[in-house]
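Examination of the molecular architecture
In case you want the letters, here they are:
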Amino acid sequence: MTKSCKAKGGVPTRTRGSQKRKGKNENQKTVSSFCLLTFAFCLLPCFFRADQRTQPPTITDVAPTGVVRGKTATIQIEGSRLEGATAILFSDPAVTGRVAGVKEIPQEAERRTGQNSSIDLGGRPPKNQVTVEISAAEQTAPGVVRFRLATPLGTSNSMALAISPYDEFAAPVPPAPATPGSPQIPPPNPASQLVKMPATVVGAVTRPGESSVIRFDAKGNEQYVFQVVAGAIGSALEPELILRDGTGTQLADVHDNVMITPFMDGGRLTLEIRDYQHRGGPRYFYRLNAGIVPYVSGGFPLGFQRGKPVEVALFGANLLDHDRWTPSADAPVSKVPDALNQIRLAVSDLPEVFEVEAVQRNDTPQTAQHVPMPVTINGVIAGGMTARGVADRD
C-alpha cells in the first residue's frame, strides 16, 4: 500500500494511485468530448438545409451544332447558371460572336436513381437559354472550335461547335414505323435525298436500327471524301458509312469517321449513315462533309529536327500537286488548299535518322541498324504479307 509522503520543505507529493486516477479521468473527458462533437455533427443536417444547389455556370446543349464559315448564324445555348451572360469566348480568333439575349426556360423533371437518390439536395438552379449570333470568317479552318460563356459567376465549361466549309443540306428523316391498323407512311421521295456536292449534310439517326440516307450523282474516275463530325461535337453516334450503287450493290463499308472512295464509274450512288451498334435517338446527330475535296490522311516522316529542312510526303485524296511539303519549325502544320483537314508534325531538337531496310533486313539483333544516342528514329512497320511475306520487326 502506497502512502503519501512529504518532500523537502513540507509539501506533500502525489502518490501513484492519485496519478492513475487523474489520467483515467482525463481519458474519460476526451472520449466524452469526442462523442459530443460527433453527435453535434450528425445533427447539423437537421438544422441546415440547402435551399438551392451550388453549381457553377454550366452549358449542357447547343443547337445547331455548327455554322458555315463566311456566314453569320444564330445558335441557342442551354444550361444552368447562365443568367447575365455577357460574352462568348472562342478558341479560334477567326470565330466571333455576341450575346443577343438570355431567358429562363422550364426545367425538365429530374430523374435520380441508385444510391443516395433519396437525399434532398435542395432546389435545382434555374435553366437558361442564351441566344448568340456567331460569325466565322471565310479563312476559318474547317473543323471544331471550343467556346465558353462569360457570366457574373465566372466562365462556363467549354463546348464544341463545328465549322463547316460548305453549304448545309438537311438529311430527310425516315418516317416512324406505322402502328397496327394505321395507314403505312410512304418513304421519303428519293429526289429529296439528292445532294449536290460539295455539301455539309446535317442529320441524325433518330431511332435504333435505322439509317440516314442520301443520294448523289457521282462523276466517273473521281475520289469522293465523306467526313463525319459526331463525337467531337458531343454526339453519341459511332459512325458506319455504307456506299451502294444504283442496283443496291455494296461498294464500300467503313466503320470510321472518314470514307475515301475508290475511283468509280459515274452514276447515282447511295450513302447510308448509321450507328455501328445500331443505336439511335436524339443524341445520335452528325454533320457530314462530302465531295471531291482534298483530305490529308497522313504523312511521312511524322516530325523533323529543328533547323533541318526535310521533305514530307502527304497521303490522302485529291491532293494533286500538294503531296510534297517542306515544313518549318514556325509552321509545322500542312497547308493543302481547300482541304478538310491538316496534319501537325512533331518538332524535336534531337538528331533524326531514318530506318533503313538492308538486304538482310533489320529484324534481328545481329542485323540491327546502328544509330547514335540520343536520337529520333523515323520508320515504317511494313506489315506481314507486304514485307516479303514475313512480319516486319524493326
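Being a predicted model, the structure only gives us computed values, none of them experimental. (Residues numbered from 1 in each chain as written. Predicted model: local features only at pLDDT ≥ 70, side-chain atom pairs only at ≥ 80, totals over all residues. Heavy atoms only, no water.)

The next thing to look at is the overall build of the chain. From N to C terminus, the chain includes 1 helix and 25 strands. Counting every position in the chain, which comprises 394 residues, the buried fraction comes to 35%. Pairs at least 24 apart in sequence give 67% of the contacts found in the chain among residues at least 6 apart. (Helix = DSSP H or I, 4+ residues; strand = E, 2+ residues; numbered from the N terminus. Buried < 20%, exposed > 50% of the residue type's maximum accessible area, 1.4 Å probe, protein only. Contact = heavy atoms within 4.5 Å.)

Moving on to the pairing of strand S18 (residues 285-291). Of all 7 residues making up S18, 7 are buried, and the element is well covered by its neighbours. By the alternation rule, side chains of S18 split into Phe285, Arg287, Asn289 and Gly291 and Tyr286, Leu288 and Ala290, which are all buried. As judged from the 5 bridges shared by strand S13 (residues 225-229) and S18, these two strands associate in the antiparallel manner. When the bridges of S18 are listed, valine 229 appears paired with arginine 287. (Pairing = 2+ DSSP bridges.)

Let's shift gears to the sheet that holds strand S14 (residues 239-244). The sheet built from 4 strands is open, its strands ordered S12-S17-S14-S15 with antiparallel pairing. Pairing within the sheet leaves two strands with one partner each, and these edge strands are strand S12 (212-218) and strand S15 (250-254). Shown here is a sheet whose adjacent strand axes are inclined to one another by a mean of 20 degrees, direction ignored. Note that S14 and S15 share 4 bridges and pair antiparallel. What sits directly across from leucine 241, in S15, is valine 254. (Axes fitted to C-alpha atoms, helices over the stretch in contact; angles between N-to-C directions.)

Our focus in this paragraph is the sheet that holds strand S1 (residues 58-63). Strand order across the open sheet formed by 4 strands is S1-S3-S6-S5, with antiparallel pairing between neighbours. The open sheet is flanked by S1 and strand S5 (95-105), the only strands paired with a single partner. Between one strand and the next, the sheet's axes are offset by a mean angle of 25 degrees, whatever the strand orientation. Two strands pair when backbone bridges link them, and S1 and strand S3 (residues 72-80) are joined in this way by 5 bridges, in the antiparallel orientation. Directly across from valine 62, in S3, lies its bridge partner isoleucine 77.

A few words now on the side chain of asparagine 341. By the secondary structure assignment, asparagine 341 is in the loop between strand S22 (324-325) and strand S23 (346-348). In this structure the side chain of asparagine 341 is engaged in a polar contact, spanning 2.7 Å, whose partner is the backbone oxygen of valine 296. (Polar contact = N/O pair within 3.5 Å; in protein donor to acceptor, adjacent residues only side chain to side chain.)

Side chains of a nonpolar character, in soluble globular proteins, are inclined to be buried together. Within the largest apolar cluster, 27 residues are counted, with the highest numbers of intra-cluster contacts made by Phe226, Leu271 and Leu288. Sorting the residues of this core by element identifies strand S11 (199-204), S12, S13, S14, strand S17 (267-275) and S18 as the ones contributing at least two each. Those residues in contact with phenylalanine 226 that sit more than four places away from it in its chain are Met197, Phe216, Leu241, Asn257, Val258, Met259, Thr261, Leu271, Leu288, Asn289 and Ala290. Core analysis: the second largest hydrophobic core is formed by 20 residues, Ile59, Ile75, Val95 and Val132 among them. (Core = buried A, V, L, I, M, F, W, Y, C linked by side-chain atoms within 4.5 Å.)

All right, on to the pairing of S13 then. Counting buried positions along S13 gives 5 out of 5 residues, so the element sits mostly inside the fold. The two faces of S13 match: Val225, Gln227 and Val229 on one face and Phe226 and Val228 on the other face are all buried.

Take the environment of alanine 162 next. Tracing the backbone shows alanine 162 in strand S9 (residues 159-164). Look at alanine 162 and you get buried, because its relative accessible area is 3%. On a C-alpha basis, the gap between alanine 162 and threonine 65 in space is 6.3 Å, while along the polypeptide they are 97 residues apart. With residues near it in sequence (within four places) discarded, alanine 162 still touches Thr65, Gly66, Val67, Gly143, Val144, Val229, Ile233 and Arg287.

A separate point is unusual backbone geometry. With an omega of -10 degrees, the peptide bond between alanine 63 and proline 64 qualifies as cis. Structurally, proline 64 can be placed in the loop between S1 and strand S2 (66-68). For the peptide bond that leads from methionine 373 to proline 374, omega is -5 degrees, which places it in the cis range. With phi around 60 degrees, arginine 81 is a residue other than glycine that occupies positive phi space. One non-glycine residue, aspartate 338, lies in positive phi territory at about 60 degrees.

Right, let's get into the pattern of salt bridges. Applying the stated rule across the entire model yields 14 salt bridges. Among the ionic pairs, arginine 81 bridges to glutamate 83, the shortest N-O distance being 3.6 Å. Aspartate 275 is the partner of arginine 279 in a salt bridge, and the nearest nitrogen-oxygen pair spans 3.0 Å. Three or more residues joined by partner-sharing salt bridges are found here, namely Glu238, Asp275 and Arg279. (Salt bridge = Lys/Arg side-chain N within 4 Å of Asp/Glu carboxyl O.)

Another aspect to go through is the confidence of the model for the chain. Of the residues in the chain, 75% have a pLDDT of 70 or more, and the chain-wide mean is 84. The low-confidence segment residues 1-8, where pLDDT is below 50, has 10 contacts with residues more than four positions distant or belonging to other chains. (pLDDT = per-residue confidence, 0-100.)

This structure, assessed with the given rule, holds 5 aromatic pairs. Look at phenylalanine 216 and tyrosine 224: their rings are 5.2 Å apart centre to centre, the planes differ by 50 degrees, and that puts the pair in the tilted class. The burial state of phenylalanine 216 is the same as that of tyrosine 224; both residues are buried. Between the aromatic rings of tyrosine 224 and phenylalanine 226, the centroid separation amounts to 6.5 Å while the plane-to-plane angle is 15 degrees, which identifies the pairing as stacked. Taking relative accessible area as the criterion, tyrosine 224 reaches 4% and is therefore assigned buried. Taking the relative accessible area as the measure of exposure, phenylalanine 226 reaches 0% and is therefore buried. One aromatic cluster is present, formed by Phe216, Tyr224 and Phe226 through successive ring pairs. (Phe/Tyr/Trp six-rings, centres within 6.5 Å; stacked < 30°, edge-to-face > 60°.)

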